Amino acid sequence: IWFMRVGSRRVLLWLLCLSFALPAFADTVLHEQPSMFGTIVVSEDEQGIRTLRFGRSGPRQSVVKPGDPDYLALQYTRSAFVGLALVEKPRRMLVVGVGGGTLPMFLRKHYPEAAIDAVDIDPNVIDVARRFLGFREDATLRAHVADGRAFIEAVREPYDVIFLDAFSSSELPAHLTTQEFLRAVRRALAPSGVVVGNIWDRYANRLYDSMLRTYQDIFDEVYLLNVPMAGNKILLALPRVLKLNEEDIEARAQAVASERKFRFDLGDAAT
């Protein structure tokens, strides 16, 4: 992953490749139903890997191996977890955009002591994640059917980590791109916390430049991760200044991966 500290003079060029592919003809459709943002489709390949899409030819929203929360097929998820390197011992985490439950289930395994809230506006998405994709709630992992902005605006106890994963290459909820929304996100964040935003690059996101500027306006420091072989950008936004360089973040990420026993080197996602 190429790394760039926003506002620095370093410019790193990277090759943008699409990570999503059309469904393989060999995949078996396990479930299909209309929903708020299109037809939810869950398919399974011959290795038992399941994929969530909106429409049979739509991009992959989530790819899971039921029963194995460490299986992270989409590269952006690994990059998103670099945000964990910028906060010490998170106790409360929020995921906006459940999808197949990849982010919250990984967090549940590796942070069993943390309280995790997962929010999605579409009740059918949460239901499908439970029935087909291995998403499981427990005493401290809770799913909420709610608009992400309304949920965040109502937060009373701050979170240490907030993952904003509600955008796809075809859906860009405008009310989640504004200064007012990100101010609410900052209010919902602990002073020592981090916001992890998964957004799409310019080719699919006409608001990319304005969204980046908005993050920079609202937060004290913003780091940008380019995800290889994908059109995603990961923004790490802080309500404080750390002045970290690439090597600092890589070292922190490696330490987190070792301590929490990740199955991959998180440092690789920060270099």
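Basis of the calculations
- Residues numbered from 1 in each chain as written.
- Predicted model: local features only at pLDDT ≥ 70, side-chain atom pairs only at ≥ 80, totals over all residues.
- Heavy atoms only, no water.
- Phe/Tyr/Trp six-rings, centres within 6.5 Å; stacked < 30°, edge-to-face > 60°.
- Helix = DSSP H or I, 4+ residues; strand = E, 2+ residues; numbered from the N terminus.
- Buried < 20%, exposed > 50% of the residue type's maximum accessible area, 1.4 Å probe, protein only.
- pLDDT = per-residue confidence, 0-100.
- Contact = heavy atoms within 4.5 Å.
- Axes fitted to C-alpha atoms, helices over the stretch in contact; angles between N-to-C directions.
- Parallel < 35°, antiparallel > 145°, perpendicular 65-115°, else oblique.
- Left-handed = near helix turned anticlockwise from the far one by under 90°.
- Right-handed = clockwise from strand over helix to strand, strands pointing away.
- Pairing = 2+ DSSP bridges.

Considerations on the packing of aromatic side chains
Then comes step 1: In this structure the tally under the stated criterion is six aromatic pairs.
Then comes step 2: Judged by centre distance (5.0 Å) and plane angle (70 degrees), the rings of Phe-106 and Phe-262 are edge-to-face. Linking Phe-106 in helix H2 (residues 102-110) with Phe-262 in the segment after helix H7 (246-260), this pair joins segments that are 156 residues apart in sequence. Here Phe-106 matches Phe-262 in class, with each residue buried.
Then comes step 3: Note on Phe-106 and Phe-264: the rings are 6.2 Å apart at their centroids and 45 degrees apart in plane angle, and the pair reads as tilted. Remark: Phe-264 occurs in the segment after H7 and Phe-106 occurs in helix H2; sequence separation between them is 158 residues.

Section: the confidence of the model for the chain
Then comes step 1: Mean pLDDT over the chain stands at 89; residues scoring 70 or higher make up 88%.
Then comes step 2: In this model, residues 7-25 is a region of pLDDT below 50 whose contacts with residues beyond four sequence positions or in other chains number 38 contacts.

Some points on H2
Then comes step 1: Counting buried positions over the nine residues of H2 gives eight, a clear majority of the element.
Then comes step 2: Among the residues making up H2, those that are buried are Thr-102, Leu-103, Pro-104, Met-105, Phe-106, Leu-107, Arg-108 and His-110.

A look at the packing of helix H5 (residues 179-187) against helix H6 (residues 208-218)
Then comes step 1: At a closest axis distance of 10 Å, the pairing of H5 and H6 adopts a crossing angle of 45 degrees. In terms of orientation, H5 and H6 fall into the oblique class. Pair H5 / H6 crosses with right-handed handedness. Within the contact between the two elements, H5 uses Gln-179, Leu-182, Arg-183 and Arg-186 and H6 uses Thr-214, Tyr-215, Asp-217 and Ile-218.

Looking at the pairing of strand S7 (residues 115-120)
Then comes step 1: Where burial is concerned, most of S7 is hidden: six out of the six residues are buried.
Then comes step 2: Across the two faces of S7 the burial is the same, with Ala-115, Asp-117 and Val-119 and Ile-116, Ala-118 and Asp-120 all buried.
Then comes step 3: Crossover handedness for the path strand S6 (residues 92-96) to H2 to S7: right-handed.
Then comes step 4: As paired strands, S7 and strand S8 (residues 141-145) are joined by five bridges and run parallel to one another. Across the sheet, the residue bridging to Asp-117 is Arg-142, located in S8.
Then comes step 5: After leaving S7, the chain enters helix H3 (residues 123-132) and then returns to the sheet as S8, a path that is right-handed.

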